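Summary of structural features
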Amino acid sequence: AQSVTQPDIHITVSEGASLELRCNYSYGATPYLFWYVQSPGQGLQLLLKYFSGDTLVQGIKGFEAEFKRSQSSFNLRKPSVHWSDAAEYFCAVGTTGTASKLTFGTGTRLQVTL
Amino acid sequence: NAGVTQTPKFQVLKTGQSMTLQCAQDMNHEYMSWYRQDPGMGLRLIHYSVGAGITDQGEVPNGYNVSRSTTEDFPLRLLSAAPSQTSVYFCASRKTGTGSYEQYFGPGTRLTVT
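The notes below deal with the structure included here. Predicted, not measured: the structure shown is a model, and the values here were computed from it. Position numbers for residues count from 1 along each chain, tracking the sequence in the order it is written. A letter from A marks each chain and a number from 1 marks each ligand, given out in the order of writing. Since the coordinates come from a predicted model, pLDDT governs what is reported: local features require at least 70, and pairs of side-chain atoms require 80 or more to be given and counted, while whole-chain, interface and lining totals use all residues. Side-chain metrics rest on all non-hydrogen atoms present in the structure, leaving aside hydrogens and water.

Section: the pattern of salt bridges
The criterion, for reference: Salt bridges are identified by distance alone: a Lys or Arg side-chain nitrogen within 4 Å of an Asp or Glu carboxyl oxygen. The buried label applies to any residue whose accessible area, calculated with a 1.4 Å probe on protein chains only, is under 20% of its type's maximum; exposed applies above 50%, and partly exposed to all values in between.
Summed over all chains, the structure comprises nine salt bridges over all chains. Here A:Lys78 ties to A:Asp85 by a salt bridge, and the two come within 2.8 Å at their closest N and O atoms. Grouping residues by exposure puts A:Lys78 and A:Asp85 together as buried. Among the salt bridges present, the one from B:Asp38 reaches B:Arg36, with a minimum N-O distance of 2.9 Å. Residue B:Asp38 shares its accessibility class with B:Arg36, and that shared class is buried. The network of salt bridges with common partners includes A:Glu64, A:Glu66 and A:Arg77.

A short note on the layout of surface pockets
Selection criterion: Residues are called lining when one of their atoms sits within 4 Å of a cavity or pocket point, these points coming from a 1 Å grid over the protein atoms alone, where a cavity is a set in which a 1.4 Å probe fits but cannot get out and a pocket is an open set with protein on both sides within 12 Å along at least five of seven lines. Grid points are joined across faces, edges and corners, and a volume is the space filled by probe spheres set on the points. We count a stretch as a helix when DSSP gives it H or I for four or more residues in a row; a strand needs E for two or more, and each element gets its number in order from the N terminus. Each residue receives one of three labels: charged for Asp, Glu, Lys and Arg, nonpolar for Ala, Val, Leu, Ile, Met, Phe, Trp, Tyr, Cys and Pro, and polar for the others, Gly being one of them.
In this structure, the largest pocket spans a volume of roughly 510 Å³. Looking at the largest pocket, it is lined by 27 residues, and the ones nearest its centre are A:Gln38, A:Gly41, B:Gln37, B:Val88 and B:Arg110. At the level of elements, β10 (87-94) of chain A together with β9 (87-94) and β11 (109-113) of chain B are the ones that each hand at least two residues to the lining of the largest pocket. When residues in the lining of the largest pocket are grouped by element, the largest group, four residues, is from β11(B). Looking at the lining of the largest pocket, its residues break down into nine nonpolar, 13 polar and five charged. There is about 240 Å³ of room inside the second largest pocket. Around the second largest pocket, the lining is made up of 14 residues, and of these A:Leu102, A:Thr103, A:Phe104, B:Leu43 and B:Glu59 lie nearest the centre. Within the residue set of the lining of the second largest pocket, elements represented by two or more residues are β11 (102-104) of chain A together with β5 (43-51) of chain B. Looking at side-chain class alone, the lining of the second largest pocket contains seven nonpolar, four polar and three charged residues.

Note that every value here comes from positions in space, so none of it alone points to a role or purpose.
In structure tokens form, the structure reads like this:
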């Protein structure tokens, strides 16, 4: 069965600083990988996804993520964080096939200080 | 398109009561799913469906029933609510087929069982 680990429960960064959120996955085949963001009291919004091809994936709101098969990682990055980026971030791995299921990590809560 | 809609937004139940959480999508997506979100645990899959008349269990199905009579609707039933079912519930949908693994989430239903 697939699994996702987000080792950082809570991260605080200053506005304008760079950000990297870590995600490690376990899956026997080529994974489908996702990053979602959830603002307080809201649903989940897709930031970016990796299915195949270029291992550096660009997403919305200036986020990017890099798939590293050798490290089983899919870390999310942003060069300069804005106060509005404060939210909870979830990494997820999807299985292949019609009945593909998403398995989520436990999330990383990002706090941005001014 | 309204996307994925969920009703109600908030609900308080007493132990032993039953209720149905409603989920509808207008994107003609074959695949629909229900997740519950609990602090520190990410999102966990309850049930999913790959089309009308077809449902299957996810990671945490106990205490929940589903049915799928139409492509648009995927209600989640709690037969006898328990305090352990206090959670935020998200419905999601996606198309099936190659490269169609991005799931779209509803805004969630916050359920409290006393």
